[in-house]
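In case you want the letters, here they are:
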Amino acid sequence: MTALLEIRDLHFGYGRTPSLLRGINLRVTGGDRLGIIGDNGSGKTTLLLLCAAVLKPQRGTITCLGQSVVAGQFQPAVGVVLQHPADQLIGTTVAEDVAFGPENLGCSALEVQQRVHQALAMTGTLHLANRLPHQLSGGEQRMVAIAGILAMQPKLILYDEPTAFLDQRSCRTLMEFLQTNATPGLVVSHDLAFLRAVCTQIFLLESGHLCPLGL
Ligand SMILES: Nc1ncnc2c1ncn2[C@@H]1O[C@H](COP(=O)(O)OP(=O)(O)OP(=O)(O)O)[C@@H](O)[C@H]1O
Ligand SMILES: [Mg+2]
């Protein structure tokens, strides 16, 4: 079975932290949603940015659906939900924001409209369609940011700290959404209980390596 995402012997570091990731191996196939937990600064966001082709591996390979992930090249198959939703909400209204992705994929006006409606409905945010994104609460922004990714219909979704800034009720909403939405991918979080509720397998990122944790 072709992996949706395959990471082999991945090494990466920055100037001051030259050996942050030291031989990461990971495989995501259909139905997998893998959780990653680890200390602040252990390299979780960096790992997601490498998978999203924002950063370039120093050694090793990342493939998505059998194709090499090339840093800097747009990957429509991979959606990334950033830690701070405000970083990815750019539309004047919520509906415009969610339309931005499918419009840039070249979808027809009708298709864009259908995708926006579907994505807002899936994330329980239809009632926010005409609101200004920057006036939404943190929980609302999070779900709208997810809607924007869903509207692009990615094969894989990478979530970076999706419960950050959410209260218990919003966390539950997000948890229920992830439990019913089967898009495979990776979820980085400090909340082990949350990862247990929404992931098929959990890994600890420590000293540059991923070690499997029991669910
Ligand atoms: N662009 C950058 N240039 C230099 N160093 C960086 C850069 N981005 C991150 N780092 C450093 O790399 C290390 C890993 O950062 P990263 O953001 O991947 O950690 P993280 O596991 O996501 O942490 P957190 O749990 O706090 O979100 C940190 O020490 C950070 O300071
Ligand atoms: Mg991080």
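The structure we're discussing is the one just above.
What counts, and where the lines are drawn
- Residues numbered from 1 in each chain as written.
- Chains lettered and ligands numbered in written order.
- Predicted model: local features only at pLDDT ≥ 70, side-chain atom pairs only at ≥ 80, totals over all residues.
- Heavy atoms only, no water.
- Salt bridge = Lys/Arg side-chain N within 4 Å of Asp/Glu carboxyl O.
- Buried < 20%, exposed > 50% of the residue type's maximum accessible area, 1.4 Å probe, protein only.
- Helix = DSSP H or I, 4+ residues; strand = E, 2+ residues; numbered from the N terminus.
- Disulfide = S-S within 2.5 Å.
- Polar contact = N/O pair within 3.5 Å; in protein donor to acceptor, adjacent residues only side chain to side chain.
- Contact = heavy atoms within 4.5 Å.

Asks: How would you sum up the pattern of salt bridges? Please name residues and give values.
Replies: According to the stated counting rule, one finds 4 salt bridges in the structure shown. Glu-6 is the salt-bridge partner of Arg-8, the closest N and O atoms lying 3.6 Å from each other. A relative accessible area of 17% places Glu-6 in the buried class. Here Glu-111 and Arg-115 are joined by a salt bridge, their closest N and O atoms 2.8 Å apart. Pair noted here: Glu-111 and Arg-115 are both in helix 3 (residues 109–122), with a separation of 4 residues, about one helical turn. According to the relative accessible area criterion, Glu-111 is partly exposed, its value standing at 30%. One network of salt bridges, with partners in common, ties together Glu-6, Arg-8 and Arg-27.

Asks: Give me the state of the cysteines: which residues, what numbers.
Replies: This structure, assessed with the given rule, holds 0 disulfides. Note on Cys-64: no disulfide assigned, nearest cysteine sulfur contributed by Cys-51 at a separation of 9.2 Å. This cysteine, Cys-199, is not joined by any disulfide, and Cys-171 carries the nearest cysteine sulfur, 14 Å off.

Asks: Lay out the side chain of Ser-189 with the relevant residues and their values.
Replies: Tracing the sequence through the fold places Ser-189 in the loop between strand 8 (185–188) and helix 6 (192–198). A relative accessible area of 0% means that Ser-189 is categorised as buried. Here Asp-191 takes part through its backbone nitrogen, which lies 2.9 Å from a polar atom of the side chain of Ser-189. In this structure, Ser-189 is in contact with Ile-36, Ile-37, Glu-161, Thr-163, Phe-194 and Leu-195, ignoring residues within four places of it in sequence.

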